[in-house]
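# Summary of the model geometry
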Amino acid sequence: MSALHQITTAALRCLPAETAHGLALQGLAAGFGPRERADDFPSLAQSLMGMSFANPVAVSAGFDKNALAVTGVRRLGTGFVEVGGVTPRPQPGNPRPRVFRLAEDRAAINRLGFNNDGAQAVHARLAALDMGGTPLGVNLAANGDSAEPADDFVALVERFAPVADFLTVDISCPNSSNGQVFLDPQALEGLLARLNAARDASGARPAMFGKLSPDIDDTRLAELIAVMRAAGIDAITVCNTTTERPASLQSAHAGERGGLSGAPLFEMANEMLRKVYAMTGGEVPLVGVGGIMSGADAWTKIRAGASLVQLYTGMVYEGPGLVQAIKRHLAQELERGGHANIADAVGSEHR
Ligand SMILES: Cc1cc2nc3c(=O)[nH]c(=O)nc-3n(C[C@H](O)[C@H](O)[C@H](O)COP(=O)(O)O)c2cc1C
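One structure accompanies this document, and this report is about it.

Conventions and cut-offs
- Residues numbered from 1 in each chain as written.
- Predicted model: local features only at pLDDT ≥ 70, side-chain atom pairs only at ≥ 80, totals over all residues.
- Heavy atoms only, no water.
- 1 Å grid on protein atoms, 1.4 Å probe; cavity = no way out; pocket = protein on both sides within 12 Å on 5 of 7 lines; lining within 4 Å.
- Points joined across faces, edges and corners; volume = space filled by probe spheres on them.
- Helix = DSSP H or I, 4+ residues; strand = E, 2+ residues; numbered from the N terminus.
- Nonpolar A, V, L, I, M, F, W, Y, C, P; charged D, E, K, R; others polar.
- Phe/Tyr/Trp six-rings, centres within 6.5 Å; stacked < 30°, edge-to-face > 60°.
- Buried < 20%, exposed > 50% of the residue type's maximum accessible area, 1.4 Å probe, protein only.
- Pairing = 2+ DSSP bridges.
- Axes fitted to C-alpha atoms, helices over the stretch in contact; angles between N-to-C directions.
- Contact = heavy atoms within 4.5 Å.

## Considerations on empty space enclosed by the protein
Counted according to the given criterion, the structure contains 1 cavity of 30 Å³ or more. Empty space within the largest cavity amounts to approximately 50 Å³. Lining the largest cavity are Val-59, Ser-60, Phe-63, Asp-64, Val-73, Val-81, Glu-82 and Val-83. Considering each element in turn, the lining of the largest cavity owes the most residues, 3 residues, to strand S4 (residues 81-86). Here the residues of the lining of the largest cavity are counted per class, giving 5 nonpolar, 1 polar and 2 charged.

## Digging into the packing of aromatic side chains
Within the structure shown, the criterion is met by 5 aromatic pairs. Aromatic pair Phe-53 and Phe-80: ring centres 5.3 Å apart, planes at 85 degrees, arrangement edge-to-face. You can see Phe-53 sitting in strand S2 (residues 51-53) and its partner Phe-80 sitting in the loop between helix H3 (70-74) and S4, a full 27 residues away along the chain. Summarising the burial analysis for this pair, Phe-53 and Phe-80 share the class buried. Centroid distance Phe-166 to Phe-209: 4.3 Å. Interplanar angle 15 degrees. Geometry classified as stacked. With Phe-166 in strand S8 (residues 166-170) and Phe-209 in strand S9 (residues 207-212), this residue pair connects regions lying 43 residues apart in the sequence. Residue classification places Phe-166 among the buried residues on the basis of a relative accessible area of 0%.

## Considering the sheet that holds strand S11 (residues 259-262)
Remark on secondary structure: sheet strands pair via backbone hydrogen bonds, oriented parallel or antiparallel. Spatially, 3 strands are ordered S5-S6-S11 in an open sheet, and the strand pairing comes out antiparallel. At either margin of the open sheet sits one strand with a lone partner, and together these are strand S5 (99-102) and S11. Adjacent strand axes in the sheet meet at a mean angle of 25 degrees, parallel and antiparallel pairs treated alike. Sheet topology places strand S6 (residues 107-110) next to S11; 4 bridges connect them, and they run antiparallel. The residue bridging Ala-108 from the neighbouring strand is Ser-261, located in S11.

## Looking at the environment of Ala-345
Take Ala-345: it is sitting in helix H12 (residues 342-345). Given the relative accessible area of 0%, Ala-345 is considered buried. Considered as a pair, Ala-345 and Pro-88 are 257 residues apart in the sequence and their alpha carbons are 38 Å apart. Ignoring anything within four residues of it in the chain, the contact list for Ala-345 reads Trp-299, Ile-302, Arg-303, Leu-334, His-339 and Arg-351.

Encoded structure:
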């Protein structure tokens, strides 16, 4: 990371977490930050679900909820983009403070509650973008006060199918009253049937991703995976934040309510990733998220079964140069291990 980026990252960490995040986004939107290519390591390129990924690294959902800094985020060198979570109507989210840094633990706790500008505003921003072939995803969520959360998801698919390459159905948010309604297998089955119908009716065919919570037991996990596979889900994102609080946490904010992300989530998320890879026989592309703080962490997820990786909290601590550092590390590991390309390394720890 350049000295300037290091200083900026350190300075932002002196501000309240949400203020710092807002400034970082504004900076990226204004053209500050790294300027890296997505395609500088040819061994990291792969074709998946009909999309071309120049590399497997992206910033995860929640970082740019309102699609305000898509071009700036791409300039970090990312291979794809996911904006959102977006709800049909704008909503303010929970009262502040609602994001907490746990510096001693290299972690964060958030209970934002899907604060966002709403589908209409986000759609207008996306429609005006030129992605230059970089896959664009929208993370979808129901409004917290919605009586029919399934209707919300249907409306979001109808609106975003024409402008997105993939849509992530987030059924795993711990911070919103409707955030985990569809962690019930029967409810999920009904929802996915409606979303598939809405997508088909739209005439566009974005891939459909499902994003899971790490806070479910193995029986429930197997049921949800079975439902997703029967519905023809294209990829599974493993995973969202956890409401668990590992005993190892040191920080004063460890007792705050909300979802924990960052380093303490890493092993938990990897264990789940391995299980989902085994349950799906490696046949469904997986997006590995949770606790990636370094290139070595991203490599662990690739080997555990992730075709793509995403990170959020790691950038808070390591700065925006982390994306490029991860790509460099992955390319080196491929060469060291004699892998021709990234696809060859996916799930390699299982073989
Ligand atoms: C402040 C914050 C807001 C988030 N908002 C969303 C969201 O809107 N939708 C979603 O699916 N995940 C959201 N996430 C979860 C992240 O996408 C990711 O799954 C999680 O933070 C674990 O990755 P990490 O350890 O690299 O941060 C959010 C995370 C944070 C820290």
